[in-house]
Structures are given as C-alpha cells and as structure tokens.
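Overview (structure and organization)
Single-letter residue listing:
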Amino acid sequence: MAAIAGALRPYGIRTHLSVSFAAPMLLGGPDTADPLDPAVRDWWARATARVYEAVPDFGGYVVKADSEGRPGPFAYGRSHADGANMLAAALEPHGGTVHWRAFVYDHRQDWRDRSTDRARAAYDHFTPLEGEFADNAVLQVKHGPMDFQVREPVSPLIGAMPDTRLAVELQITQEYTGQQKHVCWLGPMWSEVLRFRPDGEVPVGRLADGLVAVSNAGDDRFWTGHPSPRPTCTPSGGWRGIRRRTRGPCSTSGSRCLRPPRPGARPLRRGAPRHGVPAERGVRGVQPVRGTDGRPGGEGAARLPVQRA
C-alpha cells in the first residue's frame, strides 16, 4: 500500500483502504469484532497507527458491513453508528476519515415476501441514527435506492440526514449497463442525479459532502478493457465525466455539477474550455457553466475518493 500511495501522491491523491469489519479476528487479534469491546477498539487504534507510520498522508478506511454476507456490527447487537464511530476514533488522531457504505440489505431475503422492501433498506437502517455519527465519519450512499440499475430514482436517504456527513456514490464500472462491452455514456444520468432537488429547493450536489466513484481500472492495455476509438463514450470516459462533475457549480448543460467549494481550492483556469451537452436538446454544444443563481463560473475543485469495485 505504501508503494501505491507513493505512486499516487504526486497527483494529489490520498490513498484509502477498504477493510473488513472483522479484520481483528482475521488478522490474529481479539476473537470478536464487537465495536464497543475495548480490546477491539485498541486493536484498531494500534493497527491504524502502524498504517500512518508507513503512509503519513493516508486518507482513511472504506467499509462495507452487514451487506451481501459481509460482517458488521449487527452480529453484536450494535448499530452502524457504533461501527463507524469505532473506526473514526482510531483515525481521528491522524486526521483520517472513515467512509461507511450505506449499501445494507439482506441478500438472502425472499423476493416473494412483499413485507420486505429492499429499496427502503438504507433509509430504514440509517435515518434513526441521525446525529450519532462522528465528525470524521462519512455515510456513503448509492445514488439510487437499489444497486446502480439502468434507471433508478434518487435515494431517499440523500437529504434525509442533514446532521450527518454524506457522500453520493456513483458507478463508473458498467455493472448493469453493458458489462464494459457496450458503449454507454453515463455522464448525463450523473448530472441528472446531482441536479435533483429532494426537497424541491436544494440539489443533491449541495446536500452531499463529497462524491465517490466506484471505478473500473485494471491491468488491461486500455485500463477499462474497452478498446474503443471514442473513449469519451466508453468506460474510460467515465473517469473524466466524474471529474468534471466535481469542478464547480452545476449547469443546465450537465457539464459540471454542484459541490460546495473546498476552502483554498484552486479556481478554474481563466479561459479554460467548457464543453457541455444541453439536456433539453440532447446535442453536443459549447456554453458557459452557470450555477443555480444563473451566474457563470466555477467554484474550484473538490476531492474525489476513487474506489475499486
């Protein structure tokens, strides 16, 4: 991991690590992963300190718990806030952040049981925990209530927890949109999500504290396994599309979408080209980027955590 962090550091990227909630049990620590057990909390504190000795600018942890068979705090009668806050406490002395994924549902559920509503799972699990997460814990919410389907409504969890830091999770990987083989440009869909106003007033891009992309880079010659001569509309183009949606305010063109400006962020270079696709016409064009107040201009760059699928 130190080698990877060293390769990415010149580009201003901080490396994060996806970890198993049961890591203490898997790596020779306590025989439990109970987040309120002092021995477990001490194990994570010591393990985290060792990580920072090797990678001083380490970003933090990403966790998928109690979902699709993954271990989590439910096994010990604890909440997801208990689990996230345990890791947040281990990271806090070093300035790290834990991204806790809200993709939580029972993958063994009987689909014929209409009393179980998977689309409500994240909302039902997390809204009762509003205000209980640590300041350096970020709830990472998929943009739709299911699982990156071709078309989904915006997740009802976005905007439902104003006192909790939240990141919107998008998917560059074409898991359900062509399995990396079909040409599928997802940029307009991402813009639609980030412009949507759950309460009729504030768009998703303003409600979110960050934007996360589940990526698809591998060791293929073409990075994403799609050797198309038109990379803009292929999986590799998704990387550029995500990045554009983290730079300044959103426009009706969908070329950039809303993010609160990061303090001290470098402003957009004067005279930089701004290309957009007018949503109402569906044709290619060039026009200035405008915010919700109608004024042109960007608000600077935002940090973009990138994760492997």
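Calculation notes
Residues numbered from 1 in each chain as written. Predicted model: local features only at pLDDT ≥ 70, side-chain atom pairs only at ≥ 80, totals over all residues. Heavy atoms only, no water. pLDDT = per-residue confidence, 0-100. Helix = DSSP H or I, 4+ residues; strand = E, 2+ residues; numbered from the N terminus. Contact = heavy atoms within 4.5 Å. Salt bridge = Lys/Arg side-chain N within 4 Å of Asp/Glu carboxyl O. Buried < 20%, exposed > 50% of the residue type's maximum accessible area, 1.4 Å probe, protein only. Axes fitted to C-alpha atoms, helices over the stretch in contact; angles between N-to-C directions. Parallel < 35°, antiparallel > 145°, perpendicular 65-115°, else oblique. Left-handed = near helix turned anticlockwise from the far one by under 90°. Nonpolar A, V, L, I, M, F, W, Y, C, P; charged D, E, K, R; others polar. 1 Å grid on protein atoms, 1.4 Å probe; cavity = no way out; pocket = protein on both sides within 12 Å on 5 of 7 lines; lining within 4 Å. Points joined across faces, edges and corners; volume = space filled by probe spheres on them. Expected span 1.5 Å × (residues − 1). Arc of directions from axis to C-beta. Polar contact = N/O pair within 3.5 Å; in protein donor to acceptor, adjacent residues only side chain to side chain.

Right, let's get into the confidence of the model for the protein chain. Considering every residue of the protein chain, the mean pLDDT works out to 78; 75% of them sit at 70 or more. When mean pLDDT is compared element by element in the protein chain, helix α4 (residues 80-91) scores highest at 98, while strand β8 (residues 285-286) scores lowest at 28. Below a pLDDT of 50 lies the segment residues 251-309, which in the model reaches 146 contacts outside its immediate sequence neighbourhood of four places, other chains included.

What follows covers the pattern of salt bridges. The final tally for this structure, using the stated rule, is 9 salt bridges. One salt bridge connects Glu68 with Lys64, and the closest N-O pair in it is separated by 2.4 Å. Accessibility expressed as a relative area gives 22% for Lys64, which makes it partly exposed. Between Asp124 and Arg120 there is a salt bridge, with the nearest N and O atoms lying 2.8 Å from each other. Under the relative-accessibility criterion, Asp124 is labelled partly exposed at 36%.

What follows covers the packing of helix α3 (residues 38-54) against α4. Between α3 and α4, the shortest axis-to-axis distance is 8 Å and the interhelical angle comes to 45 degrees. With respect to α4, the axis of α3 lies oblique. For α3 against α4, the interelement crossing comes out right-handed. Across the interface between the two elements, Val40, Arg41, Trp44, Ala45, Thr48 and Tyr52 of α3 pack against Asn85, Met86, Leu87, Ala89, Ala90 and Leu91 of α4. Taken together, the residues that form the contact of α3 with α4 break down as 9 nonpolar, 2 polar and 1 charged.

Turning next to empty space enclosed by the protein. The full count for this structure, using the stated rule, is 4 cavities of 30 Å³ or more. Counted as a void, the largest cavity has a volume near 110 Å³. Taken together, 13 residues line the largest cavity, and the ones lying closest to its centre are Ala102, Phe103, Ala122, Pro145 and Met146. Mapped by element, the contributors of at least two residues to the lining of the largest cavity are α5 (121-126) and β4 (137-142). A breakdown of the residues in the lining of the largest cavity according to their chemical character gives 9 nonpolar, 2 polar and 2 charged. Put simply, the second largest cavity is a space of about 70 Å³. As for the second largest cavity, its lining consists of His143, Phe148, Gln149, Gln171, Thr173, Tyr176, Thr177, Leu186, Met189 and Trp190.

Moving on, we get to the side chain of Thr97. Topologically, Thr97 is positioned in strand β3 (residues 97-101). Owing to a relative accessible area of 16%, Thr97 belongs among the buried residues under this scheme.

A few words on α3. Helix length check: α3, at 17 residues, gives a terminal C-alpha distance of 25 Å against a target of 24 Å (1.5 Å per residue), a fit within 8%. Of the positions making up α3, those classed as buried are Val40, Trp43, Trp44, Ala47, Thr48, Val51 and Tyr52. Viewed end-on, α3 has its buried residues packed into an arc of 165 degrees, placing them on one side of the element. Residues of α3 that are exposed and angled more than 90 degrees away from the buried face: Pro38 and Glu53. Where α3 is buried, its residues touch β1 (16-19), α2 (23-26), β2 (60-63) and α4. The residue sitting at the N-terminus of α3 and contributing the capping side-chain oxygen is Asp37; that oxygen lies 2.8 Å from the backbone nitrogen of Ala39.

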